[in-house]
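# Summary of the model geometry
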Amino acid sequence: MGKPKKVMIADDDPGIVDAMSVMLEFEGYEVSATLNGAVLLDMEDELPDLLLLDIWMSGMDGRNICKQLKQKAFTSKLPILMISASKDIERSALEAGANDFLAKPFEMDELLKKIERNIA
Amino acid sequence: MEINLPGGGHKDIFYNSLAPMLIIGTDAPAYTMLDVNNAYLSTTHTTREDLIGKSVFGVFPANPTDNISRNIERTIFSFEQAIINKAVHIMSNYRYDIPIPGTNDFEERYWTTSNTPVLDSNGAVMYFIHSPANVTEMYKLAEREKAGVAALKHQQEQLYATFMQAPVGIGIFKGPENIVDLINDPLCQLYGKTREELMGKPVFDVLLHTRGLGFEALLDNVRLTGKSFKGTGMAVPLVRNQRLENAYINFVYEPFRETDGSIAAVIVVATEVTELVIAKNQIEEAEARARLAVDAVGLGTFDLDLPTGEMITSKKFANIFGFEEPVPRNDYVAVFHPDDLIVRKLAHEQAIIAGNILYEARVIWKDASVHWVRVEGKVFYDAAGKAVRILGILLDITDQRKAKEEQRKLISLVDNSVDLVSILNMDGVNSYINEAGRNLLGFENEEQVTKIPVSALHAPEHFEQVEKEVIPMVMTTGKWAGTMMVRHLQTGEIFPVYNNCFRIDDPESGKPIAIGAVMRDLRPELAAKQALADSEQLLRNITTATPIALWMSDENGAVSYVNQTWLNWTGRTYEETLGGGWLEPIYQEDRQIAKEKFSSDSSAKVLFEVEFRLNHSDGTIHWCIANGQPQYRSDGSFSGYIGACVDITEQKQLQKQKDDFIGIASHELKTPVTSIKGYAQVLEKMLLKKGDVKEAMMMNRMDMQIRRLTSLIGDLLDVTKINSGKLQFNDAPFDFNGMVKDLIEDLRRTTEKHELAEDFNETGMVYGDKDRIGQVITNLVTNAIKYSPAAGKIIIHIALQNNEVTLCVQDYGIGIPGDKLEKVFEQFYRVSGEMQHTFPGLGLGLYISSEIIKRERGRIWVTSREGKGSTFCFALPLYVEGQQTNEN
């Protein structure tokens with residue numbers, strides 16, 4: 001095992017951010033988080049290895065963020081795993097360019113499986 | 001003087017001759033006796049010496065009876081006659097009594113004496129022989145005979161008188177010509193002729209009309225044979241009082257015998273019995289007429305001998321009883337209607353007391369037809385007062401009975417009619433008004449009906465209508481019908497009636513004889529109409545006031561009524577709304593759905609229900625739910641709907657708010673649940689890493705509970721989506737058996753108690769939302785586990801049938817009552833009753849399952865027996881490439 005993989009969590013709910021951080025750190029990931037979706041589009045350097053993006057980001061649609069990130073050359077290769085409370089979002093999320101989708105509430109193992117599958 | 005008598009011998013003869021002889025000389029008036037024989041002497045008690053030479057009258061003077069018999073005179077006359085005529089002269093039967101010797105008495109003697117002159121050769125009378133014969137005995141005999149003859153003659157005369165005066169006609173017709181020898185007055189009268197016309201004439205020459213009728217032969221027969229003939233009531237044509245008529249006569253022809261026994265005549269004894277015969281004929285005729293009459297009117301007659309019970313009946317009697325010919329009494333009794341035997345029995349018992357019999361009863365003929373008979377009769381009693389006989393008649397009254405029954409029905413109908421029924425005579429007075437009519441118009445009794453003129457039944461201004469309109473109309477056209485005003489006789493109340501008048505014509509002459517009327521009191525009707533109008537107004541007020549639109553439609557689906565509420569909502573007129581007009585204000589998107597739903601429910605005649613949005617006249621749009629209850633006529637035929645339309649805009653809004661709330665709430669719930677779940681799972685892993693297995697297990701159980709919570713939240717969200725139509729499907733073809741196998745594998749891990757048995761047949765691909773269909777199977781299996789706490793086995797069947805994939809979950813649990821089977825797929829349905837609280841859940845699972853299966857074009861159903869278990873099944877169409885399209 002070399003350098004730990006970096007996973008970024010973007011969710012406007014601090015509880016989720018915290019719980020997921022605990023889980024991923026326990027699994028050996030380097031975790032960063034943001035409660036504000038806008039900052040994601042401003043990322044200039046140090047991209048994470050995978051982005052966990054909530055669909056609802058305090059007034060911003062996670063799918064729009066995902067679409068923009070995928071359009072920007074710098075972030076277009078960034079694997080994005082979208083998370084939503086609604087399973088119905090799955091299709092639109094994938095259409096928006098997300099690499100995978102996970103509905104809340106999810107099993108921890110499932111989350112880890114999807115991260116491993118998508119992380120570069 | 002000396003007389004030479006021839007020979008002495010002669011003298012002896014003379015003297016001894018038994019005939020007394022006296023020879024007397026012709027010397028009148030002395031008439032000297034010349035000789036005498038012994039017989040003479042003996043007869044006259046004299047001696048020869050007393051007589052010879054003496055005058056005869058000297059010796060035999062007139063005796064005391066001579067003044068009567070005058071025999072001296074007669075003797076002298078005889079002597080003179082003999083001498084003069086020189087021929088014997090006989091004196092017959094004269095009386096000359098002879099003195100009885102030794103007494104002064106005389107013996108009565110009668111004599112017949114011959115004086116025979118004896119002539120000399122010159123022819124002169126020399127003497128004559130006087131020879132008296134004592135004929136006393138003969139005379140007396142002759143006298144007695146004479147007396148007898150006289151007596152006989154007297155008797156005959158008396159007989160004749162009797163004969164002539166007899167009250168019967170008597171006549172004697174003599175000889176073959178039947179000459180009237182004798183006829184009395186009654187017979188003359190009978191013949192209508194006088195005695196002079198009849199006497200001495202052949203009777204048939206006088207009674208010309210009786211000729212050739214056989215009477216001659218009858219008379220001949222009697223005369224020739226001696227046998228009498230008796231005729232009774234024979235008709236004899238006679239001309240009497242210048243009129244030819246038939247006299248009826250009882251008569252006897254008796255032979256009239258002569259003394260020698262020969263028959264020369266016939267005695268006719270006749271009595272006229274014309275009156276009797278006529279009377280008798282009249283009786284017979286009357287009887288015959290009566291019999292004819294009896295037969296003509298179909299009367300049967302009977303004569304019942306009470307002591308013997310024998311009954312003589314006429315043929316007609318038998319016919320009425322259904323027999324060809326008269327039969328014994330018991331045979332008649334046998335055909336009585338069994339119910340009427342008691343009537344007959346009572347009538348007979350009563351008859352003995354009352355003296356007559358009268359009853360009506362039914363008799364049953366051989367052909368089973370029933371006939372009514374009336375028996376009427378009179379009882380006859382003997383001297384001891386014992387009833388011995390009943391004579392009577394029998395009448396077939398079947399038709400009468402029927403007619404009477406019909407009439408009775410008609411009368412009953414009229415009597416019991418609640419309407420007035422009357423007959424108005426042409427004189428303006430009613431001859432009949434039924435009870436209802438009398439009550440209606442205030443007649444106190446039937447008598448008043450015929451007394452009170454029709455004009456009194458109306459106010460003058462209203463009677464004018466009767467006079468000028470009604471009666472002329474009835475008389476000319478035969479009828480009149482309409483409303484008129486009448487006046488109550490007692491209260492004076494004037495009220496309207498509907499009167500149906502018709503002219504009654506004489507069936508013979510065709511002339512009007514009366515006016516019939518059927519009159520109905522319009523007050524109740526008017527009151528009812530008013531009540532109806534009031535009630536209608538009330539109903540209208542209520543329906544107008546109600547916030548619910550009400551409607552009716554006919555069997556063809558055309559709306560026939562809406563209330564004011566609907567009109568207020570839509571701002572349209574009543575007329576615009578009827579028929580199919582009600583659809584127009586419906587929100588365009590919903591209009592077709594509403595129309596099709598109504599059309600299909602209407603043709604299926606089932607409860608109609610549809611929701612639609614309605615354009616209100618103020619421009620707002622309101623949600624409505626319309627219901628219609630199918631209506632049926634009394635004959636069971638469908639007549640349309642009666643329904644309501646409720647504004648559910650507010651409910652819709654509330655529903656939406658609720659759905660929105662549940663959606664947001666459950667969405668928001670998911671976030672903390674996700675966090676908790678994350679912490680729990682991390683903690684479990686941490687504890688396992690540390691080796692705290694027990695604690696880790698507890699964390700696992702916590703996670704299980706979170707899973708349940710997640711599932712409940714998921715159900716709430718699903719229902720919300722279903723209700724708002726936002727349930728999404730990600731349909732794609734998938735391998736059905738594979739999916740089920742994986743699912744069952746997972747489910748096995750959730751239960752230790754229950755065995756999930758597989759009964760899988762190969763199926764194929766199904767096109768649908770794999771997760772959603774899996775959700776259904778999970779729901780069915782978890783239900784099966786939940787509701788079979790006692791039984792361990794659950795069988796999952798998969799089969800392919802008719803291009804349908806069928807999956808059934810069979811359990812052996814508590815089952816579902818039959819009346820609840822249909823409800824299990826409804827929202828919030830839960831096991832009811834005592835068990836309710838022992839089975840957790842929101843009651844949404846089957847509802848969601850059925851919605852999912854329906855949305856996936858499948859069917860879902862259940863079969864169950866309470867206490868035995870349930871089998872929940874669904875069927876989905878098999879995927880055939882190129883056929884299905886994603887409808888979502």
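Further up the page is the structure itself.
Cut-offs used in this document
Residues numbered from 1 in each chain as written. Chains lettered and ligands numbered in written order. Predicted model: local features only at pLDDT ≥ 70, side-chain atom pairs only at ≥ 80, totals over all residues. Helix = DSSP H or I, 4+ residues; strand = E, 2+ residues; numbered from the N terminus. Buried ≥ 20, exposed ≤ 12 C-beta atoms within 10 Å, placed from the backbone. Contact = placed C-beta atoms within 7 Å. Pairing = 2+ DSSP bridges. Axes fitted to C-alpha atoms, helices over the stretch in contact; angles between N-to-C directions. Nonpolar A, V, L, I, M, F, W, Y, C, P; charged D, E, K, R; others polar. Arc of directions from axis to C-beta. Core = buried A, V, L, I, M, F, W, Y, C linked by C-beta atoms within 7 Å. Expected span 1.5 Å × (residues − 1).

## Looking at the overall build of chain B
- A tally of helices and strands in chain B yields 28 helices and 34 strands.
- Expressed as a percentage of its 888 residues, the buried residues of chain B come to 25%.
- Put simply, of all contacts in chain B between residues at least 6 apart along the chain, 47% involve residues at least 24 apart.

## Here we look at the overall build of chain A
- Per the secondary structure count, chain A includes five helices and seven strands.
- From first element to last, N terminus to C terminus, chain A shows the α and β order β-α-β-α-β-β-β-α-β-α-β-α.
- Among the 120 residues that make up chain A, the fraction classed as buried is 42%.
- A separation of at least 24 residues holds for 57% of the contacts in chain A among residues at least 6 apart in sequence.

## Quick notes on unusual backbone geometry
- The peptide bond linking Lys104(A) to Pro105(A) adopts the cis configuration, its omega dihedral lying at -15 degrees.
- For Pro105(A), the position within the fold is in the loop between strand S7 (100-103) and helix H5 (108-118).
- In this model, Ala28(B) is joined to Pro29(B) through a cis peptide bond whose omega is 0 degrees.
- Mapped onto the secondary structure, Pro29(B) falls in the loop between strand S1 (22-25) and strand S2 (33-36).
- The phi dihedral of Asn803(B) is positive, around 60 degrees, even though this residue is not glycine.

## Here we look at the sheet that holds strand S3 (residues 89-95) of chain B
Residues and elements named next belong to chain B.
- Reading across the sheet, the five strands line up as S2-S1-S7-S6-S3 and stay open at both edges, with antiparallel pairing between neighbours. The strands lining the two open edges of the sheet, one partner per strand, are S2 and S3. On average, adjacent strands in this sheet sit at an angle of 25 degrees to one another, irrespective of strand direction.
- Two elements, S1 and S2, share three bridges in a ladder whose sense is antiparallel. Of the residues in S2, the one forming a bridge with Leu22 is Val36.
- Across the sheet, helix H6 (residues 71-85) touches S3, strand S6 (110-119) and strand S7 (125-134), and the angle it forms with S3 is around 170 degrees.

## A look at the interface of chain B and chain A
- Taken together, the contact between chain B and chain A spans 17 residues of the former and 15 residues of the latter.
- Among the elements that make up the side of chain B that touches chain A, the one with the highest residue count is helix H24 (residues 649-690) of chain B (14 residues).
- A breakdown of the residues in the side of chain B that touches chain A according to their chemical character gives five nonpolar, nine polar and three charged.

## Details of helix H3 (residues 62-71) of chain A
- Turning to H3(A), its buried residues are Gly62(A), Arg63(A), Ile65(A), Cys66(A) and Leu69(A). One side of H3(A) carries all its buried residues, which in axial view fall inside an arc of 155 degrees.

## Details of the nonpolar core
- Membership of the largest hydrophobic core comes to 41 residues, with the highest contact counts inside it found for Val7(A), Leu52(A), Leu53(A), Ile80(A), Leu81(A) and Met82(A).
- Sorting the residues of this core by element identifies strand S1 (6-10), helix H1 (14-26), strand S3 (50-54), H3, strand S6 (80-84), S7 and H5 of chain A together with H24 of chain B as the ones contributing at least two each.
- Top contributing element to this core by residue count: H1(A), with six residues.
- In this view, Met82(A) contacts Leu53(A), Ile55(A), Gly62(A), Cys66(A), Ala93(A), Ala98(A) and Phe101(A); residues no more than four positions away in its chain are not counted.
- Counting residues in each nonpolar core, the second largest holds 33 residues, with Ile773(B), Ile794(B), Ile796(B) and Phe874(B) among its members.

## Brief notes about the sheet that holds strand S8 (residues 169-174) of chain B
Residues and elements named next belong to chain B.
- An order of S9-S8-S12-S11-S10 is seen for the five strands of this open sheet, with the pairing classed as antiparallel. With one partner strand each, in any of the chains shown, strand S9 (179-183) and strand S10 (229-240) form the two edges of the open sheet. Between one strand axis and the next, the sheet turns through 35 degrees on average, direction left out of account.
- Sheet topology places S10 next to strand S11 (residues 243-257); 10 bridges connect them, and they run antiparallel. Paired with Leu238 across the two strands is Glu245, which belongs to S11.

## Re helix H25 (residues 693-724) of chain B
Residues and elements named next belong to chain B.
- With 32 residues, H25 ought to run about 46 Å at 1.5 Å a step, and its terminal C-alpha atoms sit 46 Å apart, in line with that.
- All of the buried residues in H25 are Ile713, Asp715, Leu717, Asp718, Val719, Thr720 and Ile722.
- Tucked inside the fold, the buried residues of H25 contact H24 and helix H28 (845-855).
- Backbone geometry just downstream of H25 places Gly725 in the positive-phi region, at approximately 70 degrees.

As far as function goes, none of this settles anything; it's purely spatial.
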